[in-house]
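# Chain and residue survey
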Amino acid sequence: KRWIGCTLEALGRFEEALAMQRAASNEILNTLTYRGAAKVGVASVLIELGRFEEARVIAREASFELTFAPSHCAHALAKLAACELRVGDRDAALEAALRAVSIVDSMDVIGGGEAPIFVVLAEIYDERGDHAAAARAIERGASIVRTRAARILDPHYRRCFEERVVANAWLLRSAKTR
């Protein structure tokens, strides 16, 4: 259900996606990682629906629940940062985003899913008027995307990774235009 919810969100069917993500987060009780990841999915859809306060609560819960799973916790913190930014708390947004980056740095690997962290970090810096820091966040995220893309041997799948994964495409496009 979680992945169906992700697909529905990508298709812009947000109410259906929200229902599916909520069902997944309620049903996945035996594995904390999956339950926390499902909550991140719920927060993601709520952001798309403009329900930032509700998304903020759920993203915060997920970040606490996922402290034992660093990469998942970083995703939850990135969603929390996006919520904080959208409700106007720039300081809390930056704090959450920097915590997510710190987790990524501590893992010392490029394993996937880092792109949304750098997208939200760039958005936060832009909103704060620090365009140089935003450009650095974009370039760092784009560099990670390019590194991962280079590992994809099939040109079709590499193009899909670069162009169809929203955060990846945004970072690569933004890196070219800044």
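Quick caveat, the model's predicted, so the values are computed rather than measured. Counting starts from 1 at the beginning of each chain's written sequence and moves along it residue by residue. With pLDDT at 70 or above as the cut-off, local features in this predicted model cover only qualifying residues; side-chain atom pairs require 80 or more to be listed or tallied, and sums for whole chains, interfaces and linings still use all residues. Side-chain descriptors were evaluated using all non-hydrogen atoms of the structure, hydrogens and water having been removed beforehand.

Moving on, we get to the overall build of the protein. Here a strand is any run of E in DSSP of at least two residues, a helix any run of H or I of at least four, and the numbering for each starts at the N terminus. Along the protein, the regular secondary structure elements total ten helices and zero strands. For the protein, the sequential pattern of α-helices and β-strands runs α-α-α-α-α-α-α-α-α-α. Dimensions of the protein, computed from C-alpha atoms along their principal axes, come out at roughly 40 × 40 × 30 Å. Throughout this description, buried means an accessible area under 20% of the type-specific maximum (1.4 Å probe, protein chains only), exposed means over 50%, and partly exposed covers the range between. Here the protein holds 178 residues, and the buried ones make up 44% of them. Taking contacts inside the protein between residues at least 6 apart in sequence as the whole, the part at least 24 apart equals 57%. Reported accessibility uses the Shrake-Rupley method at a 1.4 Å probe radius. Residues are deemed covered only where the shown protein chains occlude them. When the accessible surface of the protein is totalled, it reaches about 9,300 Å², and 54% of it is carbon and sulfur. Taking the 25 positively charged and 24 negatively charged side chains of the protein as two groups, their mean positions are separated by 4 Å. By the convention used here, residues are in contact when the closest approach between their heavy atoms is within 4.5 Å. Counted charges follow a simple rule, with Lys and Arg positive, Asp and Glu negative, and His plus the chain ends left uncounted. Each charge is placed at NZ for Lys, CZ for Arg, CG for Asp and CD for Glu.

Moving on to the packing of helix 7 (residues 115–127) against helix 10 (residues 166–177). Relative to each other, helix 7 and helix 10 sit at 50°, their axes nearing to 8 Å. Considered as vectors, helix 7 and helix 10 are oriented oblique to each other. Considering the relative orientation of helix 7 and helix 10, their crossing is left-handed. For the pair formed by helix 7 and helix 10, the contact residues are Ala115, Pro116, Phe118, Val119 and Ala122 on the first element and Ala167, Asn168, Trp170 and Leu171 on the second. In terms of residue class, the contact of helix 7 with helix 10 is built from eight nonpolar, one polar and no charged. Axis definition: a line fit to C-alpha positions, over the contact stretch in the case of helices; interaxial angles, taken between N-to-C directions, run 0 to 180 degrees. With respect to orientation, any angle under 35 degrees is reported as roughly parallel, any angle over 145 as roughly antiparallel, any angle of 65 to 115 as roughly perpendicular, and every other angle as oblique. Here a crossing is called left-handed whenever its near helix is offset anticlockwise from the far helix by less than a right angle, and right-handed whenever the offset is clockwise. Three categories are distinguished: nonpolar for Ala, Val, Leu, Ile, Met, Phe, Trp, Tyr, Cys and Pro, charged for Asp, Glu, Lys and Arg, and polar for the others, with Gly belonging to the last.

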